Number of protein chains: 4
Amino acid sequence: MDNWREFGTDELTPPLRAALGVFARHGYHGASIRTIAEAAGLSVPGLYHHYRSKQAILAALVDAAMAEMLTHTAAAAEDAGDSPATRFANIVECLARFHMARRDHAFVASTEMRSMDPDVRAHHISQRDAQQTMIEDAIRAGVDAGDFTCRHPEDAARAIASLCVSIASWYRPGGPLTADDVVARHLGYARAMVGATEA
Amino acid sequence: MDNWREFGTDELTPPLRAALGVFARHGYHGASIRTIAEAAGLSVPGLYHHYRSKQAILAALVDAAMAEMLTHTAAAAEDAGDSPATRFANIVECLARFHMARRDHAFVASTEMRSMDPDVRAHHISQRDAQQTMIEDAIRAGVDAGDFTCRHPEDAARAIASLCVSIASWYRPGGPLTADDVVARHLGYARAMVGATEA
Amino acid sequence: MDNWREFGTDELTPPLRAALGVFARHGYHGASIRTIAEAAGLSVPGLYHHYRSKQAILAALVDAAMAEMLTHTAAAAEDAGDSPATRFANIVECLARFHMARRDHAFVASTEMRSMDPDVRAHHISQRDAQQTMIEDAIRAGVDAGDFTCRHPEDAARAIASLCVSIASWYRPGGPLTADDVVARHLGYARAMVGATEA
Amino acid sequence: MDNWREFGTDELTPPLRAALGVFARHGYHGASIRTIAEAAGLSVPGLYHHYRSKQAILAALVDAAMAEMLTHTAAAAEDAGDSPATRFANIVECLARFHMARRDHAFVASTEMRSMDPDVRAHHISQRDAQQTMIEDAIRAGVDAGDFTCRHPEDAARAIASLCVSIASWYRPGGPLTADDVVARHLGYARAMVGATEA
DNA sequence: GATGAATGAGTCTTCATTCAT
DNA sequence: TATGAATGAAGACTCATTCAT
C-alpha cells in the first residue's frame, strides 16, 4: 500500500463499474440487466459472459469494495506505529476518505445487504465486522493507554463506523466542504465520542 | 402529545403496515403488489381500492413516518422549556427512541429515497430537513448560551441525525442493549460531538 | 361410464387442449409458452392465470389423459362379467380405441416422461403401472381358466400395452384403416400373444 | 458383417456419442449445444468445427443408427438362406438385439422425428420404411410358403417393428431379463402375430 | 368493497451461432 | 482445432395495473 490516504481510480472491471452506477441510482432490484449491459457498452449475453448472474455482479462489487476498504484501513493502522491514538485517528481518517472516494461502492454495499444471497451476505458481514473490530481494538488500546475514556468500545466502534458510512450519502466532491474539511470534522467527532483526553 | 418518550402502536392503516414490512424486507422494487396485498390480507384490486398505486403506498408510508417523527421531536423540544441543553438532549433522545420504536419506518424512509417519485421525494426531503433544522437550532442556541462549543452546527446536526438513523439498522428489541441503554449512550455521543461543557 | 367404447370430446380445459396440440407437434421443450398461449387465444399472463407453470400444464394434461384411460378400461373390464377372455378382449379393445381417439394425449404422455418433474413422473408411472396390472391380471385369470397359455403374463401385458400405445403414432382417422379394423387386428395380435386357445 | 447377433461399441464419433446421451436424457430441444460440447469434452466452437449445427448432429446420429440397423438386419436376413420362417425369425431377433444394444440410438431416432428438418426426417422415414419392408417381405414369403397365415402383412410388420422399438424404452442390461430372454419372448410374440403354423 | 380474469411490458437468463485470435 | 468474447432472438415467468362482475 503506497499511501492509504489516496484513492485513485478503483480497480473494478468495466462491467462492474457500470453496474455500480446503476445499482447506486436505482437499487439492486430497480436495476435491470439490460440497463447494466447498456451502461457497460455490452449486449446482455455479453454481460453474462463475464458474470454468471445479477447476484454475482453484486457479490463481486461488494467484495471488491470491502476488500479495498480493509486493505486501506489496515495500512492506515499499520502506518501509525505504536501510538493507539494515532492508530485510531488514521483508521477514522481512512474510513472517512474511503466513503468520500468510493461513495457508490459504500452506499451500495451497505444498502443492498437485504438483496444479497445468504452466502454473499455472510461474506459481506464478515468483512464489515472485521472493519468494526479494527476500530474497536484501536479504541481498547487507547483506553488501556489512558488516551481514551470510552466505556463501551464496541458500541462506539459501531457508531463511528456508521457515521463514516453516512458520509457517502451526502458528500459530493466539489460541494461546500473539501475532503479535508470532512476528515477534520469527523476526526473531531470520533475523538469526542471515545473521550479522547488530549487535544 | 401526551408523552413524546412513548411510541405505541403506529397509526398506519393495515395495508400500509403490511406494505411497510414487505418494503423493509425486500425494498421497494423488490416488493410486488401481490406480496403486499397478500400480507395485508387483501386481493390485489382490493389493495388498489385503498391506494392508487405502489408509489402512493410508499408516499403515504413515508409521510406518516416522518410526520410522526416531527410531531414527537417537536413535543420533545417544547417539553424542554428554556434550557437549550435540555432541548438538545430531548430531541436526541426522541430521535433515538423513534428509530428504535419505528425501525422499519425509518429504514424504509431513508433507504427508498431513490425509489420515490420526484414530488414524493421532495416532500420527504423537506420533512427531513425540518428535522435537521430543529437539531441545528438547538445546537446554535446551546452555543449561544455557552453550553456547547460546536463550531459547525449544521454539520454536527447532520452527523447526529445520521447516527440516530443508523440505530434502526442494528437495534433489536430484546437484544443485549435496552432502549434506555441506547438512549444513554447516544446522548453521550451527541453531547460529546457538540462539545457540551457540563458533565 | 355410459359406454366405454365411445370417446367423445375430451374434457380438457381450452388452454390444456391448446397445449396438447403444441406439445404433440413440437415436444415439451420445443413448445414455447407464447405458442401455447397463442393457440389458446390467451395472452401469456392470461395462461399463467390458469396454470402455474409450463410443467403444471404438462402434469394436468398427462393426468387427465391417464385418468380417462383408466376409467374407460376399468369400465371395459367391468362390462365383461365373469369371462376372463372377454375381460381381456374388452381391455385391449378399449386401449386400442383410446389410443386412436386420444392420439395426442397418449403420445405426449408416453413421449414426455423425461420432461416431467420427478413427482409428476412418479404419478404418471403409477397410473401406467395400474393400467399394465389390469392387463396382467386379465391374462393371469385367462391362464387360470385355461383360456390362455401365456407363460409370462407380466411381459405379455407390457408388450400388448406397448403395441396399443404405438397405434397413436401412426393411426389417422380417415386413413386406410377404420378404427374397427385396427381394433380387430390388434385383438388378433393380442390373443395370439397370450396363446388364446379358442379360435 | 461378421456376426449380425453381435453389437460391439458403436462407431459414433466421440461428439456424436456425447450428443446421443444428452438427446436421450433431455430430448433434442431440451439439449443445449453447450451441454453437448461439455459432454464431448470440447469447446462450443470446437463442436461446431465438427458439425455445422445442432440439426446436423441429430441428422448424423440418426442416420448412423438407422444405417447400422439396416446393415445388421440385412445380414440377418441374408444369413437365413432360403427359409422364409428363418429369415423372419432372424430379422426379428436382430431387431430385438439392436434395440437392446442401441437403446439410446433407437429411442432418439424414433422420438425426435418431430425435431428433424424436413429432409432429415424424409431420409429417416425412408430408412425406417426400408426396415419395415424387409419384415413385410419376409412375412409375405412365409405366407406364400405356407409357414404363416397372416392376413395383413403390412400391418403385422408395423406392429412387430413397433414392438421391437418399444423394447428400448424399458430394457436395461443387468435387469431381470437377459437379452436372450427378451429375444426368445419377442420371437414368440412375432411368430404368434403372423400365425406361424409350426411350433 | 371484493374478486376472477386479463394484459402489455418487462423481468432474468439461456439459446444456437459466429468470429477474431 | 481450441479459445474467449460476443450477439439477436427467444426462453419461462412476473410486473403493476385494470375492468367487468
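On a predicted model such as this, the values are computed, not experimentally measured, just so you know.

1. Side note on the overall build of chain A
Okay, step 1: Scanning chain A from terminus to terminus reveals nine helices and zero strands.
Okay, step 2: Taking 16 Å as the expected radius of gyration for a compact globule of 199 residues, we find that chain A reaches 18 Å, a close match to that expectation.
Okay, step 3: Among the 199 residues that make up chain A, the fraction classed as buried is 53%.
Okay, step 4: Expressed as a percentage of contacts within chain A between residues at least 6 apart in sequence, the contacts between residues at least 24 apart total 69%.
Okay, step 5: A total of about 8900 Å² of accessible surface is found on chain A, and carbon and sulfur atoms cover 49% of it.
Okay, step 6: One way to put it: in chain A the 19 positive side-chain charges average out to a point 8 Å from where the 25 negative ones average out.

2. Here's the deal with the relation of the copies chain C and chain D
Okay, step 1: Rotating chain C by 180 degrees and translating it 0.1 Å along the rotation axis places it on chain D, where the RMSD comes to 0.1 Å. Viewed as a symmetry operation, the transformation between the two copies matches a two-fold axis.
Okay, step 2: A symmetric contact is evident, with 100% of the interface residues of chain C recurring at the interface of chain D.

3. Section: the protein's contact with DNA strand E
Okay, step 1: Residues in close proximity to DNA strand E total 29 residues, the closest being Tyr-48 of chain A, Ser-43, Pro-45 and His-50 of chain C together with Tyr-48 of chain D.
Okay, step 2: Tyr-48 of chain A places a polar side-chain atom, nitrogen or oxygen, 2.5 Å from a phosphate oxygen of DNA strand E.
Okay, step 3: Of all the secondary-structure elements, those providing two or more residues to the surface near DNA strand E are α2 (33-40) and α3 (44-50) of chain A, α3 (44-50) of chain B, α3 (44-50) of chain C together with α2 (33-40) and α3 (44-50) of chain D.
Okay, step 4: Grouping the constituent residues of the surface near DNA strand E by class yields 12 nonpolar, 12 polar and five charged.

4. So, the interface of chain C and chain D
Okay, step 1: Contact with chain C, which involves 25 residues of that partner, is made by 25 residues of chain D.
Okay, step 2: Both sides together, the interface formed by chain C and chain D hides about 2200 Å², and carbon and sulfur atoms give 57% of it.
Okay, step 3: Across the contact surface, chain C and chain D share four salt bridges.
Okay, step 4: The partner of Arg-185 of chain C in a salt bridge is Asp-155 of chain D, and the shortest N-O contact between them spans 3.9 Å.
Okay, step 5: Along the contact surface separating chain C from chain D lie 12 residue pairs in polar contact (both at pLDDT 80 or more).
Okay, step 6: Contributions of two or more residues to the side of chain C that touches chain D are made by α1 (14-26), α6 (103-111), α8 (153-167) and α9 (179-193) of chain C.
Okay, step 7: Among the elements that make up the side of chain C that touches chain D, the one with the highest residue count is α8 of chain C (seven residues).

5. Re the protein's contact with DNA strand F
Okay, step 1: For DNA strand F, the set of nearby residues contains 29 residues, the closest of which are Ser-43, Pro-45 and His-50 of chain A, Tyr-48 of chain B together with Tyr-48 of chain C.
Okay, step 2: Taking the atoms of DNA strand F that fall within 4 Å of the protein, sugar and phosphate contribute 57% of them.
Okay, step 3: Separating a phosphate oxygen of DNA strand F from a backbone N or O atom of Ala-31 of chain C is a distance of 3.0 Å.
Okay, step 4: Mapped onto the surface near DNA strand F, the elements with two or more residues apiece are α3 of chain A, α2 (33-40) and α3 of chain B, α3 of chain C together with α3 of chain D.
Okay, step 5: Its residues assigned to classes, the surface near DNA strand F comprises 13 nonpolar, 12 polar and four charged.

6. What about the environment of Ala-156 of chain D?
Okay, step 1: The residue Ala-156 of chain D is located in helix α8 (residues 153-167) in this model.
Okay, step 2: The exposure class assigned to Ala-156 of chain D is buried, which follows from its relative accessible area of 0%.
Okay, step 3: Sequence separation of Ala-156 of chain D and Ala-190 of chain D is 34 residues, and the distance between their C-alpha atoms is 8.7 Å.
Okay, step 4: Leaving out residues up to four positions away in the same chain, Ala-156 of chain D has contacts with Tyr-189 of chain C together with Ile-139, Cys-150 and Val-194 of chain D.

7. Points about the packing of helix α5 (residues 84-101) of chain C against α8 of chain C
The axes of two packed helices give the description: the angle between them and the distance between them.
Residue and element names in this part refer to chain C.
Okay, step 1: One can describe the packing of α5 onto α8 by two numbers: an axis separation of 7 Å at closest approach and a directional angle of 30 degrees. Regarding the angle of α5 to α8, the classification is roughly parallel. Between α5 and α8 the crossing geometry is right-handed. Seen from α5, the contacting residues are Phe-88, Val-92, Leu-95, Ala-96, His-99 and Met-100; seen from α8, they are Ile-160, Cys-164, Val-165 and Ile-167.
Okay, step 2: Among the residues forming the contact of α5 with α8, the class breakdown is nine nonpolar, one polar and no charged.

8. So, the arrangement of the chains
Okay, step 1: The two units chain A and chain C are non-contacting; their minimal C-alpha-C-alpha distance is 21 Å.
Okay, step 2: As for chain C relative to chain B, no contact occurs, and the smallest C-alpha gap between them is 13 Å.

9. Topic: the UniProt feature "DNA-binding region" (unreviewed entry) in chain A
Okay, step 1: The positions UniProt marks with the feature "DNA-binding region" (unreviewed entry) are residues 32-51 of chain A.
Okay, step 2: Secondary structure content for residues 32-51 of chain A is 75% helix and 0% strand, and the end C-alpha separation is 14 Å.

10. A few points about the packing of aromatic side chains
All names here are of chain B.
Okay, step 1: All chains considered together, the criterion is met by 16 aromatic pairs over all chains.
Okay, step 2: Considering the side-chain rings of Phe-7 and Phe-98, the 5.8 Å spacing of their centres and the 65 degrees angle between planes classify their relative orientation as edge-to-face. Of the two residues, Phe-7 sits in the segment before α1 (14-26) while Phe-98 sits in helix α5 (residues 84-101), which places them 91 residues apart along the sequence. For the pair Phe-7 and Phe-98, a shared accessibility class is recorded, and that class is buried.

11. Comments concerning the interface of chain A and chain B
Okay, step 1: The interface is formed by 25 residues belonging to chain A together with 25 residues belonging to chain B.
Okay, step 2: In this assembly, chain A packs against chain B so that about 2200 Å² is buried in total across both faces, 56% of it on carbon and sulfur atoms.
Okay, step 3: Counting the contacts that link chain A with chain B gives four salt bridges.
Okay, step 4: Among the salt bridges present, the one from Glu-112 of chain A reaches Arg-114 of chain B, with a minimum N-O distance of 2.8 Å.
Okay, step 5: On inspection of chain A and its partner chain B, the count reaches 12 residue pairs in polar contact (both at pLDDT 80 or more).
Okay, step 6: Secondary structure elements with two or more residues in the side of chain A that touches chain B: α1 (14-26), α6 (103-111), α8 (153-167) and α9 (179-193) of chain A.
Okay, step 7: Looking at the side of chain A that touches chain B residue by residue, the class counts come to 11 nonpolar, eight polar and six charged.

12. Some remarks on the packing of α1 of chain A against helix α4 (residues 54-78) of chain A
Residue and element names in this part refer to chain A.
Okay, step 1: Across the interface, α1 lies against α4 with an axial gap of 10 Å and an inter-helix angle of 95 degrees. Judged on the interaxial angle alone, α4 and α1 are roughly perpendicular. Across the interface between the two elements, Leu-16, Ala-19, Leu-20 and Phe-23 of α1 pack against Lys-54, Ile-57, Leu-58, Ala-60 and Leu-61 of α4.
Okay, step 2: A breakdown of the residues in the contact of α1 with α4 according to their chemical character gives eight nonpolar, no polar and one charged.

13. Some points on the UniProt feature "domain: HTH tetR-type" (unreviewed entry) in chain A
Okay, step 1: UniProt records the feature "domain: HTH tetR-type" (unreviewed entry) for residues 9-69 of chain A in the present numbering.
Okay, step 2: The span residues 9-69 of chain A is 72% helix and 0% strand, and its two end C-alpha atoms sit 14 Å from each other.

14. Considerations on helix α9 (residues 179-193) of chain D
Okay, step 1: Here α9 of chain D contains 15 residues, and its C-alpha end-to-end distance of 21 Å stays within 8% of the 21 Å for a straight helix at 1.5 Å per residue.
Okay, step 2: All buried positions along α9 of chain D are accounted for by Val-182, Val-183, Arg-185, His-186, Leu-187, Tyr-189, Ala-190 and Met-193 of chain D.
Okay, step 3: Close packing links the buried residues of α9 of chain D with α8 and α9 of chain C together with α5 (84-101) and α8 of chain D.

15. Thoughts on the relation of the copies chain A and chain B
Okay, step 1: Rotating chain A by 180 degrees about the axis while translating it 0.1 Å along that axis superimposes it on chain B, leaving an RMSD of 0.1 Å.
Okay, step 2: Take the interface residues of chain A: 100% of them recur as interface residues in chain B, which is what a same-surface contact looks like.

About the criteria used
Residues numbered from 1 in each chain as written. Chains lettered and ligands numbered in written order. Predicted model: local features only at pLDDT ≥ 70, side-chain atom pairs only at ≥ 80, totals over all residues. Heavy atoms only, no water. Helix = DSSP H or I, 4+ residues; strand = E, 2+ residues; numbered from the N terminus. Rg over C-alpha atoms; globule rule 2.2 N^0.38 Å. Buried < 20%, exposed > 50% of the residue type's maximum accessible area, 1.4 Å probe, protein only. Contact = heavy atoms within 4.5 Å. Areas by Shrake-Rupley, 256 points an atom, 1.4 Å probe, with all protein chains shown as cover. Lys, Arg positive; Asp, Glu negative; His and termini not counted. Charge placed at Lys NZ, Arg CZ, Asp CG, Glu CD. Least-squares fit on C-alpha atoms with pLDDT ≥ 70 in both. Near = heavy atom within 4 Å. Polar contact = N/O pair within 3.5 Å; in protein donor to acceptor, adjacent residues only side chain to side chain. Nonpolar A, V, L, I, M, F, W, Y, C, P; charged D, E, K, R; others polar. Buried area = accessible area lost by both parts, 1.4 Å probe. Salt bridge = Lys/Arg side-chain N within 4 Å of Asp/Glu carboxyl O. Axes fitted to C-alpha atoms, helices over the stretch in contact; angles between N-to-C directions. Parallel < 35°, antiparallel > 145°, perpendicular 65-115°, else oblique. Left-handed = near helix turned anticlockwise from the far one by under 90°. UniProt positions renumbered as here; feature names shortened; annotations may be inferred. Phe/Tyr/Trp six-rings, centres within 6.5 Å; stacked < 30°, edge-to-face > 60°. Expected span 1.5 Å × (residues − 1).

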